[in-house]
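Each chain is listed here by its residues.
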Amino acid sequence: MALTKSNVRMLEDVFITPSQFNAVGDGVADDTIALNAAMTAAANGVLDGGGKTYKVSSTISMPSDVVFQNATLTFDTDSVACLEAMGTQDSPFSLTADVALGERVITLSSGDAATLSEGDMVYITDSQDFVTGVARSEINFVKSVSGTSVTMVSGFFSPYTVANTATVSKIHGKENITLRNIRLIGKDDAVTPAGQTGADFENCRNVNLEGCRFEKFDTRLSRFTRSAHIHVSNCYFTNADRSGFGYGTTASKGTHYMTVTNCTFELMRHGVATGGSEGINRFVTVSNCTFNGMKDSMLDAHPPTDFVNYSHNVGTHVPDDFSALADDGIVVQGGRAIICNNIIDSAVRNGVLIQTGVLATAGTDTITYIVSDNIINNVGTAAGISVNTQDAGREGIRGLTISNNSISNSSSNGIIIQANGNDILDTVITGNAISISSGNSCIRLQSTATTGKISRVAITGNALALSNDTPDHNIEFVSSGLGISRAVISGNSIYNGDYGVLLGTADKVVVVGNIIDGMATGDISSGSATNTTIASNG
């Protein structure tokens, strides 16, 4: 059930303390048995730790409908979680008819449909990959059942077909769990990885972490697996330092509707990461968070992720700790995303990296991205903002907006867009301020494969500057494949470098009304471009 004002009051009328079950709470005595008993008794109520510290040596299991608050737990047991809530998932039912993209109704046998009812949380999937190695799938909720027809709350984000063995299964989730003012302290074994997780939620619904602190769990400080309606707010995550892991919080195996806001992440590999070997994660928002001392990307959306909002975050990096890591600032390798109003400092490679991993055969809607109003400073070997379509067979990009970003002290490219595996169409690059200290181009468009082209581009109103000793170009088109075409370059202020605009191999390009000054070789080179119009630049 969803938490309402009335049932919150009902929960808080049942008030349990660990001392009622003979917990000592001095941080020395082992309180595992007492705390597990208290947690069980607190179902439909509140377990209040009274501000004490409890030593636990095995996992504490949380029921549905519980608020756990005002306690510190110390935990030194390897390879398990300190706190966990584990729901279950039924065996799957086979669909008896195909479901198209955007439809809300699935068809089952009468017997299977009768097992579902309004409000049930379900998981639907088939065998067609959404990204390489991960089948298309999603979580939805039953609105109504009539005979063999089951109507869902929302339309499906992928098609599901009988030929691809489409199935649906009911999730019996642990529900309505709140951790409030809880501190979890792990083993922090820097010599031998302990494989610890702080709080672990699987097949859960409506989980709230409020004002908590998670520290010294080397693998994951918190994890959400195939869960929905997750809210993490005003929490502090620190010291997750296991190489190859080291996560603040993760969403995996098809987690949906997750919001992380007003949190601080320090001294770990990734702050918030989404991914997993099965299930597509959707609707993940991370906003107003601080990331300090990241050893890799502060926000990392692996390919099985769609509908991402990263906004109003601030992050810095510590690249020397994990020298083998790429260390980008924000990474999105899945479907649709908006990345806006973030501050990213000292990323070793890219400030923002977008690599669409969605397959062309996934049957999803248009893949679009917006990157706007970010401050990206001191990036390293690649670019302030890098966008590419990776390999052949991936879905192309149909709508890319890069606007009003400030990129400064970059030692490589400002913005680089590469059609490596499929087309990038309908791109707007506008209002950006880019200053390159050394390296390549302020804006670079590159078509490097015979299967990918860049077309319908507007580059307008940008302020671009290269350092005096940089022998490169402010705006550069490079093509060895299907090429770059239908581009407008206008109203830009361009300062220093070799050429202001170098078109290379391109077709149907208009270069008009730009202010170009301080070029070592020339203002504009049309190269081998065809059907170009160059006018009123100076």
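Placed above this text is the structure.
Fair warning: this is a prediction, and the values are worked out from it, not measured in the lab. (Residues numbered from 1 in each chain as written. Predicted model: local features only at pLDDT ≥ 70, side-chain atom pairs only at ≥ 80, totals over all residues. Heavy atoms only, no water.)

Chemist: For this particular structure, what's the right way to read the side chain of N462?
Modeler: With respect to the helices, strands and loops of the structure, N462 is situated in the loop between strand 43 (454-460) and strand 44 (463-466). With sequence-adjacent residues up to four places away left out, N462 is seen in contact with I429, T430, G431, N432, I443, G491, N492 and S493. (Helix = DSSP H or I, 4+ residues; strand = E, 2+ residues; numbered from the N terminus. Contact = heavy atoms within 4.5 Å.)

Chemist: Can you walk me through the pattern of salt bridges in this structure?
Modeler: As a working rule, side chains carrying opposite charge can pair if their charged atoms are close by. All chains considered together, the criterion is met by 17 salt bridges. A salt bridge links R223 to D200, with the nearest nitrogen and oxygen atoms 2.7 Å apart. Here R223, found in strand 18 (residues 220-225), pairs with D200, found in strand 15 (residues 197-202); they are 23 residues apart in sequence, far enough to count as distant. On the basis of relative accessible area, R223 is assigned to the partly exposed category, the value being 22%. Connected through salt bridges with shared partners, the residues R183, R213 and E215 form a single ionic network. (Salt bridge = Lys/Arg side-chain N within 4 Å of Asp/Glu carboxyl O. Buried < 20%, exposed > 50% of the residue type's maximum accessible area, 1.4 Å probe, protein only.)

Chemist: Mind showing me how you'd approach helix 2 (residues 32-41) here?
Modeler: Turn by turn, an α-helix covers 3.6 residues, leaving residues three or four places apart pointing in a common direction. Buried residues of helix 2: T32, A34, L35, A38 and M39, and no others. Buried residues in helix 2, looked at end-on, bunch into an arc of 165°, giving them a common side. Away from its buried face, by an angle of more than 90 degrees, helix 2 presents the exposed residues I33 and T40. Looking at the buried positions of helix 2, the neighbouring elements they touch are strand 1 (15-16), strand 2 (26-30), strand 3 (45-56), strand 4 (60-61) and strand 5 (66-75). (Arc of directions from axis to C-beta.)

Chemist: Can you walk me through a nonpolar patch on the surface in this structure?
Modeler: On the surface, a cluster of nonpolar side chains totalling about 210 Å² of accessible area is made up of V314, I343 and I375. Tracing the backbone shows I375 in strand 35 (residues 375-377). Overall, I375 belongs to the partly exposed group, its relative accessible area being 42%. (Patch = residues over 30% accessible without salt bridge, like charges linked within 9 Å, V, L, I, M, F, W, Y side chains within 5 Å. Areas by Shrake-Rupley, 256 points an atom, 1.4 Å probe, with all protein chains shown as cover.)

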